[in-house]
Amino acid sequence: MALMLYNKNMSKEKSFLQKHWSNLLFATFIILIVIPQTRQPIQIALNRLIAFSPSEINESDREVLKTYNWRLKTGDDTTINFTQSKGKVALINYWATWCAPCLAEMPDLQLLYADYKDEVDFFFITSEDPGDVSSFLKQENYTLPVYYFLSTPPEVLKSSSLPTTFLIDKKGQIIMKKTGAANWNSKTVRTTIDKLLDL
């Protein structure tokens, strides 16, 4: 009799799980999203899943930099001006260490930087505390060149969303612009950069 009751209870439990597995899975996911320690890793993973390669802007829709005059500083307070990139291919990325979509695309940007750092000017720009940024870069083994605002960017490079990334050609045309996580180490991006470097 006891065995029959046990089997009946087990059958009810299995039936409950079979009927409600999706609800239980969803509830578990919500709980993990609410917990701060698991929220960011989940957000980063989801953003990496949906990070596609950016595409070139149609020639007729491309904006052009009217001025390169834009002052920035490095983590050790060295002042630079974006005018140094006039006539060069440049990639600008606005990011933050607390921004999950930013962190999702960082590994791809690091790979791109490693291969093109001698030919393309890279600017990874943040408003965060330089000490926090330096700790983050060391922890993740990133060698990205980070800059901080000293003046307002040119009008066509303004953005209030993170991350936002611009790829600019030697004539100052914005060839690619992407808000949100993207795969910046894609074949499409590399082909575009190679083409821009050959012009």
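To be clear, the structure that these remarks concern was listed above.
Criteria and cut-off values
- Residues numbered from 1 in each chain as written.
- Predicted model: local features only at pLDDT ≥ 70, side-chain atom pairs only at ≥ 80, totals over all residues.
- Heavy atoms only, no water.
- Helix = DSSP H or I, 4+ residues; strand = E, 2+ residues; numbered from the N terminus.
- Buried < 20%, exposed > 50% of the residue type's maximum accessible area, 1.4 Å probe, protein only.
- Contact = heavy atoms within 4.5 Å.
- Areas by Shrake-Rupley, 256 points an atom, 1.4 Å probe, with all protein chains shown as cover.
- Expected span 1.5 Å × (residues − 1).
- Arc of directions from axis to C-beta.
- Pairing = 2+ DSSP bridges.
- Axes fitted to C-alpha atoms, helices over the stretch in contact; angles between N-to-C directions.
- Salt bridge = Lys/Arg side-chain N within 4 Å of Asp/Glu carboxyl O.

Colleague: Kindly report on the overall build of the protein chain, identifying the contributing residues and their values.
Modeller: Looking only at helices and strands, the protein chain features five helices and seven strands. Put simply, the protein chain runs from its N terminus to its C terminus through helices and strands in the order α-α-β-β-β-α-β-α-β-β-β-α. For the protein chain, the proportion of its 199 residues judged to be buried stands at 39%. For the protein chain, the proportion of contacts with a sequence separation of at least 24, taken over those separated by at least 6, is 68%. Here the protein chain displays about 11900 Å² of accessible surface, and carbon together with sulfur accounts for 55% of that area.

Colleague: Can you tell me about helix α5 (residues 187–198), naming the residues and giving the values?
Modeller: In a regular helix each residue adds 1.5 Å, so 12 residues correspond to 16 Å; α5 covers 16 Å between its end C-alpha atoms and thus fits that length. Taken together, the buried positions of α5 are occupied by Val-189, Thr-192, Ile-193, Leu-196 and Leu-197. For α5, the arc enclosing every buried residue in end-on projection is 135°, short of the 170-degree limit, so these residues lie on one face. Projecting away from the buried face of α5 at angles above 90 degrees are the exposed residues Lys-187 and Asp-198. Those residues of α5 hidden inside the fold are in contact with α3 (100–116), β6 (164–168) and β7 (174–179).

Colleague: Which residues make up the sheet that holds strand β4 (residues 121–126), and what are the values?
Modeller: Strands sit in the order β2-β1-β5-β4-β3-β6-β7 across an open sheet of seven strands; the sheet is mixed. The open sheet terminates on both sides in strands that have one partner only, identified here as β2 (79–81) and β7. Geometrically, the sheet is characterised by an average inter-axis angle of 30° between neighbouring strands, direction not taken into account. When strand β1 (residues 71–73) meets β2, the two strands line up antiparallel, connected through three bridges.

Colleague: Outline the pattern of salt bridges, supporting the account with residue identities and numerical values.
Modeller: Applying the stated criterion across every chain, the model contains six salt bridges. The closest approach of N and O atoms between Glu-56 and Lys-195, which form a salt bridge, is 2.9 Å. Placement of Glu-56 in the loop between α2 (36–49) and β1 and of Lys-195 in helix α5 is noted, with a sequence separation of 139 residues between them. Assessed through its relative accessible area of 41%, Lys-195 is described here as partly exposed. Measuring nitrogen to oxygen at the nearest pair gives 2.6 Å for the salt bridge that ties Asp-115 to Arg-190. Of the two residues, Asp-115 is situated in helix α3 and Arg-190 in helix α5; the sequence distance between them amounts to 75 residues. Classification of Asp-115 by relative accessible area gives partly exposed; the value is 48%. Residues participating in the shared-partner salt-bridge network are Glu-56, Arg-62 and Lys-195.

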